[in-house]
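Here is how the chains run, residue by residue.
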Amino acid sequence: MKKYILSIDQGTTSSRAIIFNQEGTLVEVAQKEFEQFFPKSGWVEHDANEIWTSVLACIAEVLRKADISASQIAGIGITNQRETAVVWDKNTDKPVYKAIVWQSRQTEEICRELREAGYQDTFRNKTGLLIDPYFSGTKVKWILDHVEGARDKAENGDLLFGTIDTWLIYKLTGGKVHVTDYSNASRTLMYNIYDLKWDDELLDILGVPKSMLPKVKSSSEVYGETVDYHFFGQNVPIAGVAGDQQAALFGQACFEKGMVKNTYGTGCFMLMHTGEKPVQSRHGLLTTLACGVDGKVEYALEGSIFVAGSAIQWLRDGLRMFKDAKQTEDYATRVESADGVYLVPAFVGLGTPYWDSDVRGAMFGLTRGTQKEHFIRATLESIAYQSKDVLNAMVEDSGIDVKSLRVDGGAVANNFLMQFQSDILDLPVERPEVTETTALGAAYLAGLAVGYWESRDEITKRWKKDKQFDSEMKDEKRDELYSGWKKAVEAARVFK
Ligand SMILES: Nc1ncnc2c1ncn2[C@@H]1O[C@H](COP(=O)(O)OP(=O)(O)O)[C@@H](O)[C@H]1O
Ligand SMILES: O=P(O)(O)OC[C@H](O)CO
């Protein structure tokens, strides 16, 4: 009987279930969107139960479409939108509040208070992160502070916290297993990435009882089995877990110090593998845990860009400039250049390296001659400029000379964007054949744990390039364009 690996990719706007075969080829995929809740300006929430049912529906659909029975699944890998926080009552298995999403800014006030109380370095030195609403810790505090009776219940040991991986494993195992992996724990603002422990001092500052927290395990091991009533009568091992960006780093076979991947989706997330030693940043990068295997811990540097593909969605839905994101390539190549136009897409502030949550989007260099084509081209270019800001910070902080950039995510289909990225970085940009690297990474992690695949070397060999983009731009032109971008960012930050 032929066996497969099932990967569950629980993202910000949709859940997906994907089946991979022994060759690491995608056999079938099922996807389901779910509702986004925006209760107040800047707040983003999900219904954790809807996420769970969307995942179950995807599993059923993908098995049906692939005509594979549940008994043919050798193992399950889970990868997830990170930082999003769920708190539920272990007596009822019901969430006490909606899942607070990574993008949500509703804990801005809590963060301000923590910064003003002088805790920035305490958190940074232990977690590698910044005090920002992005991370889970202040979201958990917010729920305990705002949901009636929640704090008492938490102190009584009745409430559990989890990122989405934890929530899904808990549900799939019928409430038997409460775990997460290093990569997800490292995004919570509560986990000490050097001691590899939940940090008592940080928990105390945040007022989060330790009894709520999941056990932290490696990214590739058997955590438990599905209960048969949730998996068509089968007890299948859940054997791989990683936050989606770390899973992509793994799926891109970036196992060596200095290898970098950039994922171009709603936002952009660039990760550099830094080996078995953490690198501390001076330029607003995050130090985070990558996926190790065989019990080894590995580290990465990460830069987060909040708005990338979503700027394209804004052009499509907000400004109604085209119907399909694909058309942007054609529009952008109809003109020679953006003609001096720059978009700073700081719609929700700027992430790495600026970490400025008050700055808002701005456009510069408009003339009477500016056309829709320039506008679209400038938007695509802004994705590449932001990525250059992050890569520059990585090179400075790590002292590592980067040889190439591996890319994935929905927007890498855009050849203009990839060529411009290579031009502006003056680096080769490598697009793999399988751009579903996030799901593939989780599948690899699970497959390695159950002996479906042998080793990371096998994965390295499987990584295949679809296309390489090499820089064709003159240094002078690159410098001129990039200095224009830096000026545009400066100017946008003045207007607050
Ligand atoms: N050909 C394209 N050119 C530019 N942007 C694109 C293209 N195709 C998709 N996108 C953008 O990529 C994003 C979708 O990528 P995806 O990896 O599915 O995102 P996510 O996982 O964050 O939901 C959307 O924001 C979309 O606007
Ligand atoms: O859902 P995605 O793929 O946009 O990823 C979200 C990130 O994990 C947030 O840190």
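Under an unreviewed UniProt entry, the name given to the protein is Glycerol kinase, and the source organism is Gracilibacillus oryzae. Comment text from UniProt for the protein, heading Function (unreviewed entry), reads "Key enzyme in the regulation of glycerol uptake and metabolism. Catalyzes the phosphorylation of glycerol to yield sn-glycerol 3-phosphate."

Q: Explain the overall build of the protein residue by residue, including any values.
A: Secondary structure assignment for the protein yields 16 helices and 24 strands. Dimensions of the protein, computed from the C-alpha atoms along their principal axes, are close to 65 × 55 × 45 Å. Across the 496 residues that make up the protein, the buried fraction comes to 61%. Taking contacts inside the protein between residues at least 6 apart in sequence as the whole, the part at least 24 apart equals 72%. Counting only carbon and sulfur atoms, one obtains 45% of the accessible surface of the protein, whose full area is about 19,300 Å². Separation of charge centres in the protein, based on 58 positive and 71 negative side chains, amounts to 1 Å.

Q: Before we move on, can you summarise unusual backbone geometry with the specific residues and values?
A: Leaving glycine aside, a negative phi is the common case for residues, and trans is the common case for peptide bonds. Note the cis peptide between Thr-352 and Pro-353, where omega equals -5°. Relative to the helices and strands, Pro-353 resides in the loop between β20 (342-344) and β21 (362-364). The phi dihedral of Asp-67 falls on the positive side, at around 55°, and the residue is not glycine. Looking at the secondary structure, you find Asp-67 in the loop between α1 (48-66) and β5 (73-80). With a phi close to 60°, Asp-93 is a non-glycine residue in the positive phi region. Assignment of secondary structure puts Asp-93 in the loop between β6 (86-89) and β7 (94-95). Residue Asp-93 is classed as partly exposed on the basis of its relative accessible area of 24%.

Q: Talk me through the sheet that holds β6; I want residue IDs and the actual numbers.
A: Pairing within the open sheet is antiparallel, and its 3 strands lie in the order β7-β6-β9. Strands with a single pairing partner mark the edges of an open sheet, and in this sheet they are β7 and β9 (159-162). One ladder, built from 2 bridges, connects β6 with β7; its direction is antiparallel. Paired with Asp-89 across the strands is Lys-94, a residue of β7.

Q: If you had to explain α1 to someone new, which residues and values would you point to?
A: Here α1 contains 19 residues, and its C-alpha end-to-end distance of 27 Å stays within 8% of the 27 Å for a straight helix at 1.5 Å per residue. All of the buried residues along α1 are Ala-48, Ile-51, Trp-52, Ser-54, Val-55, Cys-58, Ile-59, Val-62, Leu-63 and Ala-66. Projection of α1 onto a plane perpendicular to its axis shows the buried side chains occupying an angular sector of 160°, all on one side. Capping of α1 at its N-terminal end is provided by Asp-47; its side-chain oxygen lies 2.9 Å from the backbone amide nitrogen of Asn-49. Directly beyond the C-terminal end of α1, a positive phi value near 55° is found at Asp-67.

Q: Before we move on, can you summarise the pairing of strand β17 (residues 268-275) with the specific residues and values?
A: Within β17, 8 of the 8 residues are buried, leaving the element largely enclosed by the surrounding structure. As defined by bridge partners, strand β16 (residues 260-264) adjoins β17 across 5 bridges and the pair is classed as antiparallel. Counterpart to Thr-263 in the pairing with β17 is Phe-269. Taking the residues that link successive antiparallel strands as the turn, the β16-β17 hairpin has 3 residues. Pairing analysis gives 7 bridges linking β17 to strand β19 (residues 298-305), with the strands arranged antiparallel. Note on β19: the bridge partner recorded for His-273 is Ala-300.

Q: Any details on the site of ligand 2? Residues and values, ideally.
A: In the vicinity of ligand 2, the contacting residues are Gly-11, Thr-12, Gln-81, Arg-82, Glu-83, Trp-102, Tyr-134, Asp-244, Gln-245 and Phe-269. Within the side chain of Tyr-134, one N or O atom sits 2.8 Å away from an oxygen atom of ligand 2. In this structure, Asp-244 approaches ligand 2 through a side-chain N or O atom, which is 2.6 Å from an oxygen atom. Coverage of ligand 2 by the protein chains reaches 87% of its 310 Å² of free accessible surface. Residue composition of the shell around ligand 2, by class: 3 nonpolar, 4 polar and 3 charged.

Q: Which residues make up the pattern of salt bridges, and what are the values?
A: Summed over the entire model, instances satisfying the criterion amount to 33 salt bridges. Between Arg-105 and Asp-132 there is a salt bridge, with its nearest N and O atoms 3.3 Å apart. Residue Arg-105 is found in the loop between β8 (99-100) and α2 (108-116), and its partner Asp-132 is found in the loop between α3 (120-127) and α4 (136-146); the two are separated by 27 residues along the sequence. Asp-132 shares its class with Arg-105; the two are buried. Put simply, Asp-475 and Arg-478 hold a salt bridge, and the shortest N to O gap is 2.7 Å. Of this pair, Asp-475 and Arg-478 both sit in helix α16 (residues 475-494), separated by 3 residues, roughly a single helical turn. The exposure class of Arg-478 is buried, given its relative accessible area of 5%.

Q: With reference to specific residues and values, describe the pairing of strand β18 (residues 286-290).
A: With 5 of 5 residues buried, β18 is to be regarded as a mostly interior element. Across 5 bridges, the pairing between β18 and β19 is antiparallel. Looking at the pairing, Ala-290 lines up with Glu-298 of β19.

Q: With reference to specific residues and values, describe the environment of Val-227.
A: By the secondary structure assignment, Val-227 is in the loop between β14 (220-225) and β15 (237-243). By relative accessible area, Val-227 is classed as buried at 7%. Once residues within four sequence positions are removed from consideration, Val-227 is found in contact with Leu-172, Thr-173, Gly-174, Lys-176, Gln-234 and Asn-235.

Q: Account for the domain arrangement of the protein, with residues named and values stated.
A: Frequently, the measure chosen for interface size is the accessible area removed from exposure when the parts meet. Domain boundaries in the protein define domain 1 (4-217) and domain 2 (248-495). Computed from C-alpha atoms alone, the centre-to-centre distance between domain 1 and domain 2 is 24 Å. For the pairing of domain 1 and domain 2, the buried interface totals around 2,900 Å² over both sides, and the portion due to carbon and sulfur atoms is 60%. On the domain 1 side of the contact with domain 2, Ile-5, Gln-22 and Tyr-194 bury the most area, a combined 17% of that side's loss. Across the contact surface, domain 1 and domain 2 share 3 salt bridges. Between Glu-436 and Arg-16 there is a salt bridge, with its nearest N and O atoms 2.6 Å apart. Counting across the interface, domain 1 meets domain 2 through 15 residue pairs in polar contact (both at pLDDT 80 or more). Those elements that provide at least two residues to the side of domain 1 that touches domain 2 are β1 (4-10), β2 (14-20), β5, α3 and α7 (182-185). By residue number, the principal contributor to the side of domain 1 that touches domain 2 is β5, which donates 5 residues. Within the side of domain 1 that touches domain 2, the residues separate by chemical class into 18 nonpolar, 12 polar and 9 charged.

The rules behind these values
- Residues numbered from 1 in each chain as written.
- Chains lettered and ligands numbered in written order.
- Predicted model: local features only at pLDDT ≥ 70, side-chain atom pairs only at ≥ 80, totals over all residues.
- Heavy atoms only, no water.
- UniProt positions renumbered as here; feature names shortened; annotations may be inferred.
- Helix = DSSP H or I, 4+ residues; strand = E, 2+ residues; numbered from the N terminus.
- Buried < 20%, exposed > 50% of the residue type's maximum accessible area, 1.4 Å probe, protein only.
- Contact = heavy atoms within 4.5 Å.
- Areas by Shrake-Rupley, 256 points an atom, 1.4 Å probe, with all protein chains shown as cover.
- Lys, Arg positive; Asp, Glu negative; His and termini not counted.
- Charge placed at Lys NZ, Arg CZ, Asp CG, Glu CD.
- Pairing = 2+ DSSP bridges.
- Expected span 1.5 Å × (residues − 1).
- Arc of directions from axis to C-beta.
- Polar contact = N/O pair within 3.5 Å; in protein donor to acceptor, adjacent residues only side chain to side chain.
- Near = heavy atom within 4 Å.
- Nonpolar A, V, L, I, M, F, W, Y, C, P; charged D, E, K, R; others polar.
- Salt bridge = Lys/Arg side-chain N within 4 Å of Asp/Glu carboxyl O.
- Domains from an automatic or database assignment.
- Buried area = accessible area lost by both parts, 1.4 Å probe.

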